[in-house]
Amino acid sequence: MSHVLLLVAKDLRLEWRSREIVMSMGLVALLLVVVLAAARAEASLTPAAMWVTYAFGAAVGFARMFATERDPLTALLLAPVDRSLIYVAKVVTNWLAVVVVQVASLPLFGALFTETVWAHLPALALPLLLGGLSLAVVGTLFSALIVQTRLRDALLPLLMLPVMLPALIAAMGATTGILEGQPLAAVAVHLRLLAAFDMLFATAGVLLFEVLISE
Amino acid sequence: MTGTGSAPWAIELAGVTKAFDYRPVLRGLDLRVRTGEIVAVLGANGSGKSTLLRVLATLIRPTRGTVSLFGQDPWVVPDLRRRIGLVPHESLLYQSLTVEENLRFFAALYGVAPARVVTVLEEGDLGPLAGRRVRILSRGQRQQVDVARALLHDPSLLLLDEPFTGLDLDAAARLASVIRRSLGARTVVFATHDPAEARLLATGAAVLRAGRLEPTAPPEALDEAQLVAGFRGHRS
């Protein structure tokens, strides 16, 4: 656990200095929200607009994630640290980055799409957090897979988004229900699906990370 | 280096072959290095020196053959990694962190007391650079910090990949001095393409040509012409 905290603290310090991931995610998110709102700012489209924004923002931001690690990663692999913890730490960092972008973009969705965002903010936190975690576990896994490739910026969305589809559908389902005023119990099936998706890919990441980054 | 003796072996390679996409880079290497020995692995670009060091660092597994470090298989006993320090050709430091932040981070990963960071900074003459970000350091300074990082946890085996490449004479002399001061009873394997560098530090040498190790000797006994012929042989 202390190794995970140490790695996360290092990642956050690097991100604070470069702001590379949050800035690239944030700019893509801002662009998408404005374009989608300009095209059709309807309340019923809010969940789709939100998750399209987060998914593409994450795909762009995560591609930068291992850019600072390409060489130091070798030192991490040599250190007496369980290699799966490197994956766990990256997931935590990426999840925090997604949460920052989600929090920063909510006022835009509230202003440009529907004010009901504000009324359901506490309930919305659950699908946002679980869906954000889905993006982080899958995005980190595929980022590790393509860390040594030159076209990683282009490859990551292509690899990540199709795999993310079940989680995105569930996240949109839960968000739609909550914005329509349904109780959490009514959207529990979507939330359970998101939680299961997160567990499945987090386990896959922990088991596969060492194989993916070796050689 | 190779041969028999009562000293325990720090490194024993037997029939090590490493292939990438079915193209062998190392071909059936046998190598034994005694504990405390400083061995230079000489070879031209592309001869497999870096791959050999990465195998020794347990970063890549050989396609065939066995690797033993201090009498144990490093893939069976992963804790052996704690005893290895690696300085590859590229810097392993975080460019946006300061020298001291880098060293403190790696010290914490290895469970090394923070006081050791201060010692390593002093021993490496890095005190004036401690607060500078790695990004703004010269290649020579970065190399010094990388060596300090690799020595933080007092490794029994130090692996250096072309440590003097790209350094001017002063920087190379400073780095050689830092490395020499830190040797102790450490086993050191360093890759180089320069016979003069081999003579600077090594007590034993091996010539790697097209993935195969040539017969070895103490570096001072190696004839310049023999080494040069080895390099040309690889390139032809």
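Residues numbered from 1 in each chain as written. Chains lettered and ligands numbered in written order. Predicted model: local features only at pLDDT ≥ 70, side-chain atom pairs only at ≥ 80, totals over all residues.

Trainee: When you look at the overall build of chain B in this model, what are you seeing that I'm missing?
Mentor: Within chain B, the secondary structure is distributed over 7 helices and 9 strands. Across the 236 residues that make up chain B, the buried fraction comes to 45%. Of all intrachain contacts in chain B linking residues separated by at least 6 positions in sequence, the fraction that spans at least 24 positions is 71%. (Helix = DSSP H or I, 4+ residues; strand = E, 2+ residues; numbered from the N terminus. Buried ≥ 20, exposed ≤ 12 C-beta atoms within 10 Å, placed from the backbone. Contact = placed C-beta atoms within 7 Å.)

Trainee: Looking at this structure, how should I read the interface of chain B and chain A?
Mentor: How big an interface is tends to be expressed through the accessible area that disappears when the partners come together. Opposite the 21 residues of chain B that make contact, chain A presents 18 residues. Every element with two or more residues in the side of chain B that touches chain A is listed here: β5 (84-87) and α2 (99-109) of chain B. Top element by residues in the side of chain B that touches chain A is α2 of chain B. It accounts for 4 residues. Grouping the amino acids of the side of chain B that touches chain A by side-chain chemistry returns 15 nonpolar, 2 polar and 4 charged. (Nonpolar A, V, L, I, M, F, W, Y, C, P; charged D, E, K, R; others polar.)

Trainee: Please explain the packing of α2 of chain B against helix α4 (residues 139-151) of chain B as it appears in this structure.
Mentor: Residue and element names in this part refer to chain B. As a packed pair, α2 and α4 sit with axes 9 Å apart at the nearest point and diverge in direction by 20 degrees. Comparing their axes, α4 and α2 come out roughly parallel. Crossing of α2 over α4 shows right-handed handedness. Between α2 and α4, the residues in contact are V99, N102, L103 and F106 and V145, A148 and R149, respectively. Each residue belonging to the contact of α2 with α4 can be placed in one class, and the counts come to 5 nonpolar, 1 polar and 1 charged. (Axes fitted to C-alpha atoms, helices over the stretch in contact; angles between N-to-C directions. Parallel < 35°, antiparallel > 145°, perpendicular 65-115°, else oblique. Left-handed = near helix turned anticlockwise from the far one by under 90°.)

Trainee: In this structure, what is going on with the packing of helix α1 (residues 2-18) of chain A against helix α5 (residues 83-112) of chain A? I would like to understand it.
Mentor: All names here are of chain A. The interhelical angle for the contact between α1 and α5, taken along N-to-C directions, is 45 degrees, at an axis separation of 9 Å. Here α1 lies oblique to α5, going by the angle between them. Considering the relative orientation of α1 and α5, their crossing is right-handed. Seen from α1, the contacting residues are H3, V4, L7, V8, D11, L12 and E15; seen from α5, they are L85, I86, V88, A89, V92 and T93. Looking at side-chain class alone, the contact of α1 with α5 contains 9 nonpolar, 2 polar and 2 charged residues.

Trainee: What's the story with the sheet that holds β5 of chain B in this structure? I'm lost.
Mentor: All names here are of chain B. Strand order in the open sheet formed by 6 strands is β5-β6-β7-β3-β8-β9, with mixed pairing between adjacent strands. Of all the strands in the sheet, the pair left with one neighbour each is β5 and β9 (212-213). Bridge analysis of strand β3 (residues 38-42) against strand β7 (residues 187-192) gives 5 bridges, and the strand direction is parallel. What sits directly across from L42, in β7, is T192. Where α4 meets the sheet, it contacts β5 and β6 (157-161), and its direction lies at approximately 170 degrees from that of β5. (Pairing = 2+ DSSP bridges.)

Trainee: What is the right way to read the environment of L133 of chain A from this model?
Mentor: Residue and element names in this part refer to chain A. Relative to the helices and strands, L133 is located in helix α7 (residues 121-145). Exposure remark for L133: the 24 C-beta atoms within 10 Å place this residue in the buried category. Each C-alpha atom, one on L133 and one on L159, is 17 Å from the other, the two residues being 26 residues apart in sequence. Filtering out sequence-adjacent residues up to four positions away, L133 remains in contact with W95 and D198.

Trainee: Teacher, can you tell me more about the nonpolar core here?
Mentor: For soluble globular proteins, the rule of thumb is that nonpolar side chains tend to be buried together. Formed by 133 residues in total, the largest nonpolar core has its most connected members in V39, A40, V41, L159 and V189 of chain B. Those residues in contact with V189 of chain B, other than ones at most four positions away along the chain, are V33, V39, V41, L53, L56 and L159 of chain B. (Core = buried A, V, L, I, M, F, W, Y, C linked by C-beta atoms within 7 Å.)

Trainee: When you look at helix α9 (residues 188-213) of chain A in this model, what are you seeing that I'm missing?
Mentor: Because an α-helix completes one turn every 3.6 residues, residues spaced three or four positions apart along the sequence face the same direction. All names here are of chain A. For α9, with 26 residues, the first-to-last C-alpha span of 36 Å sits near the 38 Å given by 1.5 Å per residue. Of all bends in α9, the biggest is about 45 degrees, found at L207. The complete set of buried residues in α9 reads H190, L191, L194, F197, D198, F201, A202, G205, F209 and I213. Tucked inside the fold, the buried residues of α9 contact α4 (72-78), α5, α7 and α8 (152-179). (Expected span 1.5 Å × (residues − 1). Bend = angle between axes of the 7 residues up to and from the residue.)

Trainee: Please clarify how helix α1 (residues 49-56) of chain B should be interpreted in this entry.
Mentor: The element α1 of chain B is largely enclosed, with a buried count of 6 among its 8 residues. Of the residues flanking the end of α1 of chain B, it is T58 of chain B, one or two places downstream, whose phi is positive at about 65 degrees.

Trainee: Is there a simple way to explain the confidence of the model for chain B in this structure?
Mentor: When pLDDT drops low, the exact placement of atoms in the prediction is not to be read closely. Residue and element names in this part refer to chain B. With 88% of its residues at a pLDDT of 70 or more, chain B has an overall mean of 84. Confidence scores differ between elements of chain B, with helix α7 (residues 224-235) showing the lowest mean pLDDT of 49 and α2 the highest of 95. Here residues 2-7 scores under 50 on pLDDT; set against residues more than four positions off or in separate chains, the count is 6 contacts. Counted against residues more than four places away or in other chains, residues 230-236, with its pLDDT under 50, gives 11 contacts. Scoring the predicted complex yields pTM 0.85 and, for the interface, ipTM 0.84. (pLDDT = per-residue confidence, 0-100.)

Trainee: How should the pairing of strand β8 (residues 204-209) of chain B be read in this particular structure?
Mentor: The two faces of a sheet get side chains in turn, since along a regular strand they alternate between them. All names here are of chain B. By the bridge criterion, 4 bridges tie β3 to β8 in an arrangement that is parallel. Residue pairing across strands places A40 opposite A205, the latter belonging to β8. Pairing of β8 with β9 involves 2 bridges; the strand directions are antiparallel. Considered in β9, the bridge of R209 is made with R212. Linking β8 back to β9 in an antiparallel pair, the connection comprises 2 residues, with A210 at a positive phi of about 50 degrees.

Trainee: When you look at unusual backbone geometry in this model, what are you seeing that I'm missing?
Mentor: Glycine aside, a negative phi is what most residues show, and trans is what most peptide bonds show. Residue and element names in this part refer to chain B. Here Y22, not a glycine, exhibits a phi torsion of approximately 70 degrees, which is positive. Counting through the fold element by element, Y22 comes out in the loop between β1 (9-20) and β2 (23-34). For Y22, a count of 6 C-beta atoms within 10 Å corresponds to the exposed category. Backbone geometry at F70 places phi at a positive 50 degrees, although glycine is not the residue there. Mapped onto the elements, F70 comes out in the loop between β4 (64-69) and β5. On the basis of neighbour counts, which here come to 17 C-beta atoms within 10 Å, the residue F70 falls in the partly exposed class.

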